[in-house]
Amino acid sequence: MRVGIIGTGMVGRALGGKLVELGHEVMLGSRTEQNPTAVAWAQQAGEKGSHGTFAEAAAFGELLIVAVSGVVAVKALATAGDEHLTGKVLIDVSNPLVFSPLGEVSLEPVNVDSIGEQIQRDFPQARVVKALNTLNCELMVDPSRVPGEHQVFVAGNDPAAKADVTEVLHSFGWPKESVLDLGDITASRGLEMLMPFWLRLMNHYGHADFNYSIRSAR
């Protein structure tokens, strides 16, 4: 399929590279058509990789991925154009991290709202699924980096969209039983609030090859 990725950072490039490896066509989108990072990525990706603006990537993709900072995600999608989002599954990988001058991290929004909800609210015809925001980008596309059973989460209002995203995650190497459906898009609040805790864990371990393993008695 054709995948449009909104964002050219480490997350977007990692997801784009894996999708190209799996045989999909991927366009990496940025604010400017000739973004040097996007151009270099497309050259390395080969014939199935390309680059363009946010709007071009959104128009190109049958599946869309939001891989920019959460604090600019809604603005980036507005630039992409509502007409290019209608009816499409949109995976929101973003986190609304805000860093103080001293490096302290907070979230905006938090508690009563989330970026996942804002995107769904501002673009109601998109089929938004929150996923992959709780782990490192290398682990997103290669769960074997962490041994044993561990989980990735999905949340969204559209069951069919979540099923489609689960298939994508399965193609990345996630067993279907490791994909936990947390319900509607309001679950994005808790998923985004995990990120400051994740940063603390990364500081503790000194690396990012770790993940959450949920155990249930039933």
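Residues numbered from 1 in each chain as written. Predicted model: local features only at pLDDT ≥ 70, side-chain atom pairs only at ≥ 80, totals over all residues. Heavy atoms only, no water.

*Asks:* Just checking my understanding: could you explain the overall build of the chain for this structure?
*Replies:* Of regular secondary structure, the chain possesses eight helices and ten strands. The C-alpha atoms of the chain give 16 Å as radius of gyration, which agrees with the globular expectation for 218 residues (17 Å, within 12%). Dimensions of the chain, computed from the C-alpha atoms along their principal axes, are close to 45 × 40 × 35 Å. Among the 218 residues that make up the chain, the fraction classed as buried is 51%. Residue pairs at least 24 apart in sequence account for 68% of intrachain contacts in the chain once pairs closer than 6 positions are excluded. Approximately 10300 Å² of the chain is accessible, and the part contributed by carbon and sulfur atoms is 53%. Where the 17 positive side-chain charges of the chain centre and where its 25 negative ones centre are 3 Å apart. (Helix = DSSP H or I, 4+ residues; strand = E, 2+ residues; numbered from the N terminus. Rg over C-alpha atoms; globule rule 2.2 N^0.38 Å. Buried < 20%, exposed > 50% of the residue type's maximum accessible area, 1.4 Å probe, protein only. Contact = heavy atoms within 4.5 Å. Areas by Shrake-Rupley, 256 points an atom, 1.4 Å probe, with all protein chains shown as cover. Lys, Arg positive; Asp, Glu negative; His and termini not counted. Charge placed at Lys NZ, Arg CZ, Asp CG, Glu CD.)

*Asks:* Is there a simple way to think about unusual backbone geometry in this case?
*Replies:* Note: most residues except glycine have negative phi, and most peptide bonds are trans. Residue Pro109 is reached from Glu108 by a cis peptide bond, and omega for that bond is 10°. Positionally, Pro109 belongs in the loop between β7 (105-107) and α5 (115-122). Phi angles above zero are rare outside glycine, and Asn111 is one such case at about 70°. Residue placement: Asn111 occurs in the loop between β7 and α5. In this structure Asn111 comes out as exposed when scored by relative accessible area, which is 52%.

*Asks:* So what exactly am I meant to see when it comes to the packing of aromatic side chains here?
*Replies:* All chains considered together, the criterion is met by three aromatic pairs. Relative to Phe210, the ring of Tyr205 has its centre 5.4 Å away and its plane inclined at 40°; by these criteria the two rings are tilted. Taking relative accessible area as the criterion, Tyr205 reaches 46% and is therefore assigned partly exposed. The rings of Trp198, Tyr205 and Phe210 are connected pair by pair, giving a single aromatic cluster. In this structure, Arg2 packs its charged tip against the face of Phe60, placed 5.8 Å from the ring centre. (Phe/Tyr/Trp six-rings, centres within 6.5 Å; stacked < 30°, edge-to-face > 60°. Lys NZ or Arg CZ within 6 Å of the ring centre and 35° of its normal.)

*Asks:* How should the nonpolar core be read in this particular structure?
*Replies:* A general trend in soluble globular proteins is that nonpolar side chains are found buried together. Counting 35 residues, the largest nonpolar core has Ile5, Leu15, Ile65, Leu132, Leu169 and Phe172 as its most contacted members. Here Phe172 is in contact with Leu15, Lys18, Leu19, Leu22, Leu132, Met140, Val141, Asp142 and Pro143, once residues within four sequence places are set aside. With 22 residues, the next largest nonpolar core counts Phe60, Leu77, Leu85 and Phe123 among its residues. (Core = buried A, V, L, I, M, F, W, Y, C linked by side-chain atoms within 4.5 Å.)

*Asks:* Looking at this model, I keep getting lost on the pattern of salt bridges. Mind explaining?
*Replies:* Side chains bearing opposite charge may pair, as long as their charged atoms lie close to each other. Within the structure shown, the criterion is met by ten salt bridges. When the shortest N-O distance is used, the salt bridge between Asp158 and Arg127 registers 2.9 Å. Taken together, the residues Asp158 in the loop between β9 (152-156) and α7 (159-172) and Arg127 in strand β8 (residues 127-131) connect sequence positions 31 residues apart. You can call Arg127 partly exposed: its relative accessible area is 22%. The salt bridge involving Asp181 is made with Lys162; its shortest N-O contact spans 2.9 Å. With Asp181 in strand β10 (residues 179-181) and Lys162 in helix α7, the pair connects residues that are 19 residues apart, well separated along the chain. (Salt bridge = Lys/Arg side-chain N within 4 Å of Asp/Glu carboxyl O.)

*Asks:* Help me understand a nonpolar patch on the surface in this model?
*Replies:* Together, Val71, Val72 and Val98 line one region of the surface with nonpolar side chains, adding up to about 200 Å² of accessible area. On the secondary structure map, Val72 appears in helix α4 (residues 70-80). Its relative accessible area of 37% is what places Val72 among the partly exposed residues. (Patch = residues over 30% accessible without salt bridge, like charges linked within 9 Å, V, L, I, M, F, W, Y side chains within 5 Å.)

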